[in-house]
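Examining the three-dimensional arrangement
Residues per chain are reported as follows:
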Amino acid sequence: MAARSRDVVAKPNPRNGRCRLISGNWKMNLNHLEAISLVQKLHYSLRDSDYQFTEISVHPPFTALRSIQLLLETDRIPISLGAQNCYFEGSGAYTGEVSASMLSKLGVKYVIVGHSERRDIFGESDEDVAMKANAVLGLQMTPIVCVGESLSQRERFETEGVIQSQVDAVVAAMSSELCEQLVFAYEPKWAIGSGVPAEPADAVVGANAVRSAIAKHHGEDVSSKVRIQYGGSVNSANAKEFLDQGEIDGLLVGGASLTAEAFTAVIQA
Ligand code: PEP
């Protein structure tokens, strides 16, 4: 069926020239057999038109990447393959780590870097996140750089400052040519997995803080090309409200991407 071949490329949003991206972050869920089953069900429940204006990426655990790569290629499914993390070194004595080049060889297009769970549970610093983003870009893949404030930072009215310093760390020393390829995900930590999403207006404040931090280093033209997702307790009931905001170019979805029914409902919302 031609319209569902891997050659389908989502069209940019005519309002701003940026192509929407909805990404499913499966975290440490689903073995490779469950992952295959989910992608097959997702493919069957999505309509051709769902791919026209939105790029969809799935981010399985490392152990399922090869299986999902083969499924997407063999069945010509126009879903992009994503990873949840990588290490910034190219190779060497880093037990347990996976390099960007290993992901690139698996046909990975997007790599999430700096997810708040990586920052908080595994102690990743802004500098680590910047090095990971550069490693991903160096292999012609696209980092999805996660930024966002904690609840206590929000309560101290530090949201915009926190976002700006997280963005600064990634973009300050980067060329504008590379910077415009980035995707950012504004994910307030208190909204992730909590069932309490941000208000759409708060998500816009976060997205604007990302864009102005980029503009400070690279100018408005570059910053207007960068895509910014919102993430944090997105579901089919609230997805449209976020996507209706002109500054939000997509969604990073955790829990609601773990079943074909829920993820399809978000994409079709
Ligand atoms: C996430 O994992 O980035 C996320 C936003 O999770 P959830 O949608 O479950 O809040």
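One can find the structure itself at the top, above this paragraph.
Here the structure is a predicted model, which means the values were calculated and not measured. (Residues numbered from 1 in each chain as written. Predicted model: local features only at pLDDT ≥ 70, side-chain atom pairs only at ≥ 80, totals over all residues. Heavy atoms only, no water.)

1. Considering the overall build of the protein
In terms of regular secondary structure, the protein is built from 11 helices and 8 strands. Computed over C-alpha atoms, the radius of gyration of the protein comes to 17 Å, within 12% of the 18 Å expected from 2.2 N^0.38 for 269 residues, which places it in the range of a compact globule. Considered along the principal axes of its C-alpha atoms, the protein spans approximately 50 × 45 × 35 Å. Taking all 269 residues of the protein together, 52% fall into the buried category. For the protein, restricting intrachain contacts to residue pairs at least 6 apart in sequence, the fraction spanning at least 24 positions comes to 73%. As displayed, the protein offers around 11,700 Å² of accessible surface, 53% of which is attributable to carbon and sulfur atoms. The centroid of the 24 positive side-chain charges in the protein is displaced by 5 Å from the centroid of its 32 negative side-chain charges. (Helix = DSSP H or I, 4+ residues; strand = E, 2+ residues; numbered from the N terminus. Rg over C-alpha atoms; globule rule 2.2 N^0.38 Å. Buried < 20%, exposed > 50% of the residue type's maximum accessible area, 1.4 Å probe, protein only. Contact = heavy atoms within 4.5 Å. Areas by Shrake-Rupley, 256 points an atom, 1.4 Å probe, with all protein chains shown as cover. Lys, Arg positive; Asp, Glu negative; His and termini not counted. Charge placed at Lys NZ, Arg CZ, Asp CG, Glu CD.)

2. Description of the pattern of salt bridges
Under the defined criterion, the tally for this structure stands at 17 salt bridges. For arginine 18, the salt bridge identified is with aspartate 249, shortest N-O distance 2.9 Å. Placement of arginine 18 in the segment before β1 (20–25) and of aspartate 249 in the loop between α10 (239–243) and β8 (250–253) is noted, with a sequence separation of 231 residues between them. Given a relative accessible area of 6%, arginine 18 falls into the buried group. Given the relative accessible area of 2%, aspartate 249 is considered buried. The structure contains a network of salt bridges with shared partners spanning Arg18, Arg211, Glu247 and Asp249. (Salt bridge = Lys/Arg side-chain N within 4 Å of Asp/Glu carboxyl O.)

3. What about the environment of glutamate 199?
Along the chain, the position of glutamate 199 falls in the loop between β6 (183–186) and α9 (200–223). Using a relative accessible area of 51% as the deciding quantity, one classes glutamate 199 as exposed. The spatial distance from the C-alpha of glutamate 199 to the C-alpha of aspartate 244 is 13 Å, given a sequence separation of 45 residues.

What is shown is where atoms sit, not what they do.
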